[in-house]
Each structure stands twice: as structure tokens, then as C-alpha cells.
Amino acid sequence: YIFEPWNPSLTQIILWRNLFSKKTKILFFTHENIYRTYHDRFFYRLIFYNLIERYNLNHVDGCVAATNEILQVMKKKGLTHKSLTLVNGDEIDPQFFYKKDVSKLKKKLGLSNFVVGFAGRLDEAKGIMTLIEAAGNLKNENFTLLICGWGDEDFTKKMIDRIDSFGIKNKTHIINERLGRKIIDYYNLMDVIVVPSITTKYWKEQFGRVNIEAMACGTHVIGSDSGGIPEVIGDAGLIFKEKDSEDLKDKLLIVMKNKKLLNELSSKAQKRVLDNFTGEKKAERSYSFYNDALNR
């Protein structure tokens, strides 16, 4: 069970199987959601990645992808129709990520209005600048922008300057650290969390674990249409066009002004996680998949 189809270790295992144990089943897991080849820098990439990947995809017995989008990339790259496939992404523990009372922390931070949240790495690809621009266009509304994240010092300064330029410094609270297990408390502080990731040449959101962590806490998610985000959120949240701060602003206004919808989406989010993204559900899918592979 190897990660990624271009891994030379996967080739070694396939060759070993062909020589010594032809009954052995070989599977791989992938997060590759951008269709691209590997000849952009050095010739060795063409040899050690493109050709190896093509060989591997033609000789494995199965593929596990985090999302359907990733699975389609594998098929486009040459995953044979004879291979078993399974979409089985991340999972969370609902005994750890759940809705809880955080009134003491809310009081400590002085949060008394609608809280728009962000959690994760602070860099361009995570789309925080889009969120800041959308919040800036909502500065006449009664809300707090709660940013929980960490990142490069230069980018963090650039982010703070952007907040100042939009005149929302007094509406913004930044927790500039890796929160670890404390993140559950901050998810519960948020009325809505925004996952505004953007697509770059070499990366786009593959799954977005923050989506299911926040959803398990009953926090409504508004996500961009980058990568696997829409597939993960499903009908339990709202989707906006990546990099489009006006679209994001409109989606934020919808939930700010519609408490009933916010509560409905909160319940949907928790149910979607329990139905699809727990360790138990992932184990059930995996068990069935492995059985199919072994009995072929």
C-alpha cells in the first residue's frame, strides 16, 4: 500500500510481485488532483516519474483516492479499467471534534457578535487575502473576523497591512499560532468558517481537512470551488468562486442575515461528517474494498 503512482518504491514492489508472488495484490493511495507531467525541469524527471508512473498505473490492482476529482486524474493518466477504485478521504474522531460550550473563551476574547472564521496556514494559496477583501466590503456589518493560523513572517505582515488597508483592524482578531488540540474551541467560537483556497500551478486543495473538523463541530462552512472542497462540503455548506471576493461577500451576507438557514446548515454539516467522514465509516469502506481486491 504505497502513496502516489510515481513512487519508485511502487515499481520495486510490482517487480518483486511479478517475480516471486503473483497472487499478491498491490494498491496505492493518491492525493494528485492536478493533471501534469514531470518534464518541466530536468530530463531525469521524464525517466523517473513519467515512465515509472505509466508503468505503475498499468500494473497495480487498485487505487484509493481522497476525492472523485483525484480519481478522474488517475484515469486520465492511464489507470487501467481493470483496477479496483475507491474514494476514501480523511476522517475525524467525533468524540474529539464536536459542538461544545465555549462561552468563557468567547467572553475572554470579547466576541459578542457574528464570528467569521479562518483556520490554517497563512499563505497565498490558502486564499486568506480573498477573505480579507470580502470582509472589508462588509465592514458596515456587525461581525468579527477571527483568523487562526501561522505562516511566514513576511506574508503575515502583508496580511496585516491588507487588513489595515480595508479598515477592518478593529473587527479582526488574530490567533497567530499552531493551536493543536485547542482548535476545537476556536471552531466552536465561529458562526461560519471560510475555506477560501485558490488553485496554483502545482497545487490546489486536495481535500481540506479543516472542512470536516469544523463541520463536526456544527460550524457552517463556506468554501471556494478549488479542488476537493465542493465535494467534501456537499450540500452542507455554501460554495463561492475562488478568488472572487464579491461572491464570497454575498455568501457571507446570506448566512449573516438568515439565522434559520445557518442552523439548518449546521445540522447538515454534522450529519454529513457522521455519515461519511468518521474512522468507522472509512474502515467499513476500506474493509469492503480490500475484500474485493483479495477475492479477484
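The shown structure was predicted, so the numbers you read here are calculated from the model rather than taken from an experiment.

**Q** Looking at this structure, how should I read helix α1 (residues 8-20)?
**A** One turn of an α-helix holds 3.6 residues; hence residues three or four places apart share an orientation. End to end, α1 covers 18 Å across 13 residues, agreeing with the expected 18 Å (1.5 Å per residue, within 8%). The distance from a side-chain oxygen at the start of α1 to the backbone nitrogen of Ser 9 is 2.9 Å, and the residue carrying that oxygen is Asn 7.

**Q** Please explain the packing of aromatic side chains as it appears in this structure.
**A** Pairs of aromatic rings are described using the distance from one ring centre to the other and the angle between the two planes. Under the criterion given, the structure shown has six aromatic pairs. Ring centres of Trp 16 and Phe 20 lie 6.4 Å apart, and the angle between their planes is 45°; on these two criteria the pair is classed as tilted. Note that Trp 16 and Phe 20 are positioned in helix α1 at a spacing of four residues, about one turn of the helix. Classification of Phe 20 by relative accessible area gives exposed; the value is 64%. Between the aromatic rings of Phe 96 and Phe 97, the centroid separation amounts to 4.7 Å while the plane-to-plane angle is 90°, which identifies the pairing as edge-to-face. Note on Phe 96: relative accessible area 22%, which makes it partly exposed. Look at Phe 97 and you get buried, because its relative accessible area is 7%. Among the aromatic side chains, those forming a connected cluster through ring pairs are Phe 96, Phe 97 and Tyr 187. In this structure, Lys 76 packs its charged tip against the face of Tyr 35, placed 4.5 Å from the ring centre. Against the face of Phe 96 rests Arg 181, its NZ or CZ located 4.8 Å from the ring centre.

**Q** Got a minute to help me understand the layout of surface pockets in this structure?
**A** Over the atoms, a rolled probe matching the size of one water molecule traces out where space is still vacant. By volume, the largest pocket is sized at about 490 Å³. Around the largest pocket, the lining comprises 27 residues; the ones closest to its centre are Ala 119, Gly 120, Arg 121, Trp 150 and Val 210. For the lining of the largest pocket, the secondary structure elements donating two or more residues are β5 (114-122), β6 (143-151), α7 (183-189), β8 (192-195) and α8 (209-216). With four residues, β5 is the single largest residue contributor to the lining of the largest pocket. Looking at side-chain class alone, the lining of the largest pocket contains 13 nonpolar, six polar and eight charged residues. Every residue lining the second largest pocket is counted, 18 residues in all, and those nearest its centre are Lys 99, Asn 188, Met 190, Asp 191 and Gly 218. Breaking the lining of the second largest pocket down by element, the ones donating at least two residues are α4 (103-109), α7 and α11 (259-276). The biggest single contributor to the lining of the second largest pocket is α11, with four residues. Partitioned by chemical class, the residues of the lining of the second largest pocket number six nonpolar, six polar and six charged.

Thresholds, definitions, all that
Residues numbered from 1 in each chain as written. Predicted model: local features only at pLDDT ≥ 70, side-chain atom pairs only at ≥ 80, totals over all residues. Heavy atoms only, no water. Helix = DSSP H or I, 4+ residues; strand = E, 2+ residues; numbered from the N terminus. Expected span 1.5 Å × (residues − 1). Polar contact = N/O pair within 3.5 Å; in protein donor to acceptor, adjacent residues only side chain to side chain. Phe/Tyr/Trp six-rings, centres within 6.5 Å; stacked < 30°, edge-to-face > 60°. Buried < 20%, exposed > 50% of the residue type's maximum accessible area, 1.4 Å probe, protein only. Lys NZ or Arg CZ within 6 Å of the ring centre and 35° of its normal. 1 Å grid on protein atoms, 1.4 Å probe; cavity = no way out; pocket = protein on both sides within 12 Å on 5 of 7 lines; lining within 4 Å. Points joined across faces, edges and corners; volume = space filled by probe spheres on them. Nonpolar A, V, L, I, M, F, W, Y, C, P; charged D, E, K, R; others polar.

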